[in-house]
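Architecture at a glance
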There are 4 protein chains.
Amino acid sequence: MAIPPDLAHIHHAELLTTKPDESLRFFVDVLGMEVESQEAGSVYLRGWGDYGRYSLKLSEAASTGIAHLAIRAWSQEALDRVVRAIDATGRGQGWIDGDHGHGPAYRFTDPDGHLFELLYEADRYEPPSGLAPSLKNQPQRYVGRGAAVKRLDHVNLLAADVRAVREFAVDVLGYRLYERVELDDGTETGAWMSLSVMAHELIYTQDHHRANGRLHHLAFWVDTREECLRAADIFLDEGVTIEAAPSKHAIAQGFFLYAYEPAGNRIEVTTGGRLVYDPDEPTVVWTQAERAKGQAWGVKTIESFHTYGTPPVEPP
Amino acid sequence: MAIPPDLAHIHHAELLTTKPDESLRFFVDVLGMEVESQEAGSVYLRGWGDYGRYSLKLSEAASTGIAHLAIRAWSQEALDRVVRAIDATGRGQGWIDGDHGHGPAYRFTDPDGHLFELLYEADRYEPPSGLAPSLKNQPQRYVGRGAAVKRLDHVNLLAADVRAVREFAVDVLGYRLYERVELDDGTETGAWMSLSVMAHELIYTQDHHRANGRLHHLAFWVDTREECLRAADIFLDEGVTIEAAPSKHAIAQGFFLYAYEPAGNRIEVTTGGRLVYDPDEPTVVWTQAERAKGQAWGVKTIESFHTYGTPPVEPP
Amino acid sequence: MAIPPDLAHIHHAELLTTKPDESLRFFVDVLGMEVESQEAGSVYLRGWGDYGRYSLKLSEAASTGIAHLAIRAWSQEALDRVVRAIDATGRGQGWIDGDHGHGPAYRFTDPDGHLFELLYEADRYEPPSGLAPSLKNQPQRYVGRGAAVKRLDHVNLLAADVRAVREFAVDVLGYRLYERVELDDGTETGAWMSLSVMAHELIYTQDHHRANGRLHHLAFWVDTREECLRAADIFLDEGVTIEAAPSKHAIAQGFFLYAYEPAGNRIEVTTGGRLVYDPDEPTVVWTQAERAKGQAWGVKTIESFHTYGTPPVEPP
Amino acid sequence: MAIPPDLAHIHHAELLTTKPDESLRFFVDVLGMEVESQEAGSVYLRGWGDYGRYSLKLSEAASTGIAHLAIRAWSQEALDRVVRAIDATGRGQGWIDGDHGHGPAYRFTDPDGHLFELLYEADRYEPPSGLAPSLKNQPQRYVGRGAAVKRLDHVNLLAADVRAVREFAVDVLGYRLYERVELDDGTETGAWMSLSVMAHELIYTQDHHRANGRLHHLAFWVDTREECLRAADIFLDEGVTIEAAPSKHAIAQGFFLYAYEPAGNRIEVTTGGRLVYDPDEPTVVWTQAERAKGQAWGVKTIESFHTYGTPPVEPP
């Protein structure tokens with residue numbers, strides 16, 4: 001029986017960088033995000049369409065990758081239900097008092113070791129006068145700087161055992177599983193999950209190196225495919241390394257552009273993707289042969305897309 | 001406390017036409033929908049992205065307007081909860097056995113007299129071989145005929161008392177109220193509601209003639225603004241009456257194109273619109289002065305948009 | 001017999017502003033042009049796709065409007081031929097030594113009194129290192145700031161007697177006349193002319209006030225309609241006055257967005273437009289009744305579009 | 001000294017097919033062209049924006065490839081000038097009486113053996129009532145079927161010796177050379193030429209097999225990049241073989257989608273491309289190293305793009 005998830009959406013991600021100044025310049029000048037606030041070692045960044053104060057916490061660290069992923073629940077009651085379910089798995093770490101812009105958060109790790117926080121209480125963004133929008137149903141003025149990303153859209157984590165993390169996300173966190181990849185030998189190498197009608201919000205794909213806790217990419221939303229194409233022009237002239245030029249995914253049918261921010265974390269500029277309105281949507285299972293066809297229009301996926309993640313690891 | 005709605009989405013609408021052949025040609029050749037099946041007096045039509053068998057039932061009648069609106073629930077249990085709530089209001093009419101493509105449905109009227117059906121059991125579309133898609137996460141092949149609308153997106157009903165129907169939709173049906181218009185004298189003249197992150201799925205606006213049970217428009221989705229612009233070119237050369245050329249709404253920020261199908265019902269080709277991820281999203285209330293500014297980029301709304309609906313009525 | 005024009009394209013326009021700082025900020029921050037150089041009272045500005053050093057000279061003045069329009073010839077020989085033709089009309093004013101970025105120029109006025117300069121020798125833009133492009137067939141890096149206009153596309157002048165200036169442009173300057181408007185009483189109220197396959201490069205429309213030497217608008221090119229839509233969002237949040245929201249012209253079929261720069265000159269962001277490959281293209285003549293239908297998709301042209309120009313004048 | 005070319009544009013191409021019924025269905029149903037007329041063995045096809053009666057003559061033959069390319073001159077005098085220049089090279093074959101839709105044509109071959117025809121007298125298309133457009137500056141109604149290509153845009157021929165054919169095209173035919181590729185060993189492997197401000201109209205690239213008279217591709221224009229993306233979706237669901245998914249060329253900066261029509265001829269759906277307004281535009285010369293970087297956004301060009309042409313040949 002289908003039930004709506006108790007969790008609402010990914011509230012923010014904390015990304016680690018070894019080149020804080022260069023990464024910050026990338027997110028502000030090239031992706032077009034705003035600095036909402038700063039503290040020692042971390043900068044809080046937002047897209048012009050994020051309703052919360054920020055969706056990206058960028059923190060200086062000795063290596064790259066993702067520090068934690070924070071998911072907001074529909075209510076305190078809904079949050080408590082999920083916390084009880086996590087507790088039952090033994091993966092819970094307990095509550096923290098909160099962080100900039102949000103209240104108490106419950107910490108746990110997924111079976112691959114990625115750190116998550118669940119929260120309910122969160123501030124809405126109040127723009128300073130220079131960033132106040134003309135339309136009151138918009139959280140912030142559209143500045144149009146760089147790729148002008150609107151908000152954090154989805155997060156793709158790597159996992160040594162995709163099936164295990166996918167089952168945790170579905171059974172314990174309540175994610176809906178829309179698509180997955182299963183190889184001929186039965187290995188599950190990818191799972192696309194969501195809390196809403198959007199095609200994907202949390203993705204797990206196989207870690208080529210069987211390492212744990214790594215990041216594949218953070219994806220930032222733009223409203224149109226033309227903005228993805230425009231972002232590619234901006235990346236080109238900014239000297240940003242484009243890993244995969246704009247095209248359309250077969251899975252989820254999102255439109256993509258992949259690049260590396262200066263410290264090496266993979267960043268996607270994305271839009272589109274199918275909408276899932278069926279409460280009983282059957283999971284689409286892609287086979288090895290189907291994946292070999294490449295992306296929607298036949299583009300072969302570049303090898304690094306299947307092998308590279310952050311933090312980098314030595315091959316086994 | 002925010003809770004996810006028990007209802008999932010508008011499954012289909014039944015539209016009435018006095019010119020069945022011409023209307024059918026419009027929906028098939030100009031909007032690009034497919035005939036899924038036909039029966040005496042009615043044709044079942046679908047967009048290429050509708051997961052169900054159809055989203056539009058087009059029925060011959062003595063006048064135009066909407067015959068009923070069918071909403072699908074997340075589960076039978078969810079449906080039963082909503083039915084109990086409706087029963088308590090005295091607006092329920094009881095169950096019917098179902099119709100083409102769906103199971104038992106519960107009938108009721110909103111306070112303005114529009115007929116609704118709630119259902120849970122519904123068939124998924126199985127394309128015939130000629131319409132099988134290349135990508136298995138797509139319900140039907142993309143044919144690209146005419147405006148090539150993807151699916152029924154939202155429905156805008158007229159009501160003599162918007163506040164009354166809005167309160168019913170929110171309090172009884174569980175809709176989330178994202179935006180509304182309140183005039184200086186306190187009259188509520190519009191309410192934009194949704195069951196998902198999409199900016200609107202059910203809209204009520206004021207019936208200029210204080211008539212009951214009328215339709216403002218049915219809106220069909222395309223994935224890009226460019227497809228709205230292209231649809232305008234198609235309408236122009238097809239001789240379809242364009243009421244409002246493509247532009248961007250201030251409310252909900254959707255991109256629009258309004259036209260009349262041959263029998264006179266207003267049809268929108270739409271895309272975009274803001275996404276609402278905040279479980280506690282405060283309702284945006286637009287004032288009379290703000291509405292007087294026109295659409296997002298200053299386009300003044302054409303008078304007929306505020307006065308015309310179907311079936312047509314004589315002014316009071 | 002059709003012959004290719006001796007003139008090649010509009011090289012630059014000199015625009016007058018009573019608010020030099022605010023106008024400059026508009027062209028740089030909002031339209032996204034670059035300052036190529038500055039001198040007392042004037043700033044030379046360029047779009048990222050202008051091959052010459054600049055296409056806009058912005059000069060402080062006691063009033064608004066256009067100071068002069070400079071057209072480049074195919075060669076010195078071609079220029080000399082046109083100069084001889086102008087001389088024969090008695091409208092010539094002789095040669096000047098040149099200006100920043102170009103060589104000797106021949107001055108004349110059209111029959112409505114607008115000042116023109118014809119030139120052949122002109123510098124190609126050499127980008128400083130910070131503005132060097134990645135692709136060597138592009139004159140400058142794509143920065144993507146603001147509306148990010150690519151180049152000056154066309155100029156629309158007002159004239160008390162459109163037929164007279166149009167005949168001068170066609171017969172003396174060699175412009176090709178692609179479209180024009182003729183009212184029922186035989187008055188010519190608009191003429192769309194070009195030196196290339198592009199739908200229009202020089203436009204004359206009727207001055208509502210029968211004043212002389214005034215400007216209707218300067219149009220700057222973007223490559224896509226989506227960029228016009230995006231520019232409207234930027235204008236909205238920048239507080240720029242949008243005169244006409246993005247839509248499609250019937251004449252020439254260009255896509256438009258009209259706004260006022262801070263001093264009051266009308267600026268268009270444009271793309272599209274039909275391409276004219278027929279050497280013997282017959283001029284399309286629009287009637288009064290056809291013009292009354294509004295723009296391509298039925299948008300009624302706002303009154304100010306027909307009455308306002310710069311510098312402003314009192315009604316007769 | 002730059003002078004405008006005596007030739008105006010490519011009027012039509014005659015394409016050969018071994019599968020006339022399947023090819024015809026492709027051009028009509030998938031590309032969206034109209035059959036203007038038919039005769040034994042040939043069908044004359046047009047895009048909705050072609051001003052002439054047709055731009056593609058599709059002829060049944062024992063093999064694929066291009067039968068001839070017809071170029072229209074600015075005038076009979078201009079045509080005669082070019083004919084005299086061709087005569088002087090000894091490559092002329094004399095006049096034919098004309099063909100469907102055009103008058104006398106002068107035949108010659110380029111140094112690689114491709115057959116050309118030069119003509120001046122040509123009919124303008126007169127649409128039948130069912131195809132009459134709403135806007136009188138458009139030759140035909142926009143039907144919107146399939147990819148809905150607007151007109152033949154450019155032709156890319158293969159040549160064993162690119163430098164020789166390029167020099168002929170520039171020196172004898174008067175083409176303007178905008179870009180070319182020169183390998184480290186001095187071999188010229190590609191030349192992009194035009195008669196107008198458009199980035200390319202006639203392209204020669206190296207025949208991998210050193211064969212003669214072969215075709216690389218015919219390119220059909222659409223007005224927007226979104227239509228290229230949409231065409232890819234149509235191709236995907238039509239089962240058309242996509243050779244290269246939509247992306248942006250480095251050379252000329254055009255947006256592309258390459259596919260094979262049923263008989264194997266390569267077809268491009270294209271838009272964009274830089275505009276060249278400088279009469280003295282210097283030719284951009286791309287080096288071997290620069291070409292190795294792939295397309296504009298880094299997409300590696302698929303091997304077949306460099307090796308395949310029609311008619312097919314055995315490797316040397």
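Going by the structure above, here's the rest.
The paragraphs below set out a description of the structure included in this document. What you see is a predicted model, and the numbers here were worked out from it, not measured in a lab.

A word on the overall build of chain A. Scanning chain A from N- to C-terminus turns up six helices and 17 strands. Here the C-alpha radius of gyration of chain A, 18 Å, is about what a compact globule of 316 residues would show, namely 20 Å. Overall size of chain A, expressed as C-alpha extent along the three principal axes, is 55 × 45 × 40 Å. Within chain A, counting contacts between residues at least 6 apart in sequence, those at least 24 apart form 66% of the total. Just so you have it, chain A exposes about 10400 Å², and 49% of that area is on carbon and sulfur atoms. Counting 30 positive and 47 negative side-chain charges, chain A places the averaged centre of each group 4 Å from the other.

Turning next to the interface of chain D and chain B. Across the contact, 17 residues belong to chain D and 18 residues belong to chain B. On the chain D side of the interface with chain B, the three residues burying the most area are Tyr142, Arg230 and Asp237 of chain D, jointly 41% of the side's total. On the surface where chain D and chain B come into contact, there are two salt bridges. Among the ionic pairs, arginine 141 of chain D bridges to glutamate 238 of chain B, the shortest N-O distance being 2.9 Å. On inspection of chain D and its partner chain B, the count reaches 16 residue pairs in polar contact (both at pLDDT 80 or more). Across the side of chain D that touches chain B, the residue classes tally to five nonpolar, six polar and six charged.

A word on the interface of chain D and chain C. In this assembly, 47 residues from chain D lie in contact with 46 residues from chain C. Carbon and sulfur atoms make up 60% of the surface buried where chain D meets chain C, a total of about 3900 Å² over both sides. Taken as a group, Trp74, Asn137 and Tyr277 of chain D account for 21% of the area that chain D buries against chain C, more than any other trio of residues on that side. Our count for the chain D to chain C interface comes out at 10 salt bridges. In this structure, aspartate 278 of chain D and arginine 72 of chain C form a salt bridge, with 2.7 Å as the shortest nitrogen-oxygen distance. Linking chain D with chain C are 24 residue pairs in polar contact (both at pLDDT 80 or more), by the criterion used here. Secondary-structure elements contributing two or more residues to the side of chain D that touches chain C are strand S1 (7-17), strand S5 (65-73), strand S9 (151-159), strand S10 (176-182) and strand S17 (284-287) of chain D. The biggest single contributor to the side of chain D that touches chain C is S17 of chain D, with three residues.

Of the residues making up helix H1 (residues 20-30) of chain A, those classed as buried are Ser23, Leu24, Phe26, Phe27, Val28 and Val30 of chain A. Looking one or two residues beyond H1 of chain A, the residue adopting positive phi is glycine 32 of chain A, at roughly 85°.

Under the fitted operation, chain D is carried onto chain C by 0.0 Å of movement along the axis and a turn of 180°, and the coordinates agree to an RMSD of 0.0 Å. Each copy turns onto its partner about a two-fold axis. Judged by C-alpha distance, proline 4 of chain D is the residue of chain D that lies nearest the rotation axis, at 3.1 Å. Comparing interface residues between copies, 98% of those in chain D also lie at the interface in chain C; the contact surface is shared.

A separate point is the pattern of salt bridges. Across all of its chains, the model carries 104 salt bridges over all chains by this definition. Here glutamate 188 of chain C ties to arginine 163 of chain C by a salt bridge, and the two come within 3.6 Å at their closest N and O atoms. Taken as a pair, glutamate 188 of chain C in strand S11 (residues 188-194) and arginine 163 of chain C in helix H3 (residues 162-171) lie far apart in primary sequence, 25 residues in all. Given a relative accessible area of 3%, glutamate 188 of chain C falls into the buried group. You can call arginine 163 of chain C partly exposed: its relative accessible area is 28%. Counted as one network, the salt bridges with shared partners bring together Arg72 and Arg124 of chain A together with Glu179, Arg274, Asp278, Asp280 and Glu281 of chain B.

For the match of chain D to chain B, the screw axis carries a shift of 0.0 Å, the RMSD comes to 0.0 Å, and the turn is 180°. Take the interface residues of chain D: 100% of them recur as interface residues in chain B, which is what a same-surface contact looks like.

The relative placement of two aromatic rings is captured by the distance of their centres and the angle of their planes. Enumeration according to the criterion identifies 48 aromatic pairs over all chains in this entry. Joined through ring pairs, the aromatic side chains of Phe26, Phe27, Phe220 and Phe235 of chain A make up one cluster. Arginine 46 of chain B extends its terminal NZ or CZ atom over the ring of tyrosine 125 of chain B, reaching a point 3.4 Å from the ring centre. One residue, lysine 136 of chain C, lies across the ring of tryptophan 286 of chain D, its end atom 5.9 Å from the ring centre.

The rules we used
- Residues numbered from 1 in each chain as written.
- Chains lettered and ligands numbered in written order.
- Predicted model: local features only at pLDDT ≥ 70, side-chain atom pairs only at ≥ 80, totals over all residues.
- Heavy atoms only, no water.
- Helix = DSSP H or I, 4+ residues; strand = E, 2+ residues; numbered from the N terminus.
- Rg over C-alpha atoms; globule rule 2.2 N^0.38 Å.
- Contact = heavy atoms within 4.5 Å.
- Areas by Shrake-Rupley, 256 points an atom, 1.4 Å probe, with all protein chains shown as cover.
- Lys, Arg positive; Asp, Glu negative; His and termini not counted.
- Charge placed at Lys NZ, Arg CZ, Asp CG, Glu CD.
- Buried area = accessible area lost by both parts, 1.4 Å probe.
- Salt bridge = Lys/Arg side-chain N within 4 Å of Asp/Glu carboxyl O.
- Polar contact = N/O pair within 3.5 Å; in protein donor to acceptor, adjacent residues only side chain to side chain.
- Nonpolar A, V, L, I, M, F, W, Y, C, P; charged D, E, K, R; others polar.
- Buried < 20%, exposed > 50% of the residue type's maximum accessible area, 1.4 Å probe, protein only.
- Least-squares fit on C-alpha atoms with pLDDT ≥ 70 in both.
- Phe/Tyr/Trp six-rings, centres within 6.5 Å; stacked < 30°, edge-to-face > 60°.
- Lys NZ or Arg CZ within 6 Å of the ring centre and 35° of its normal.

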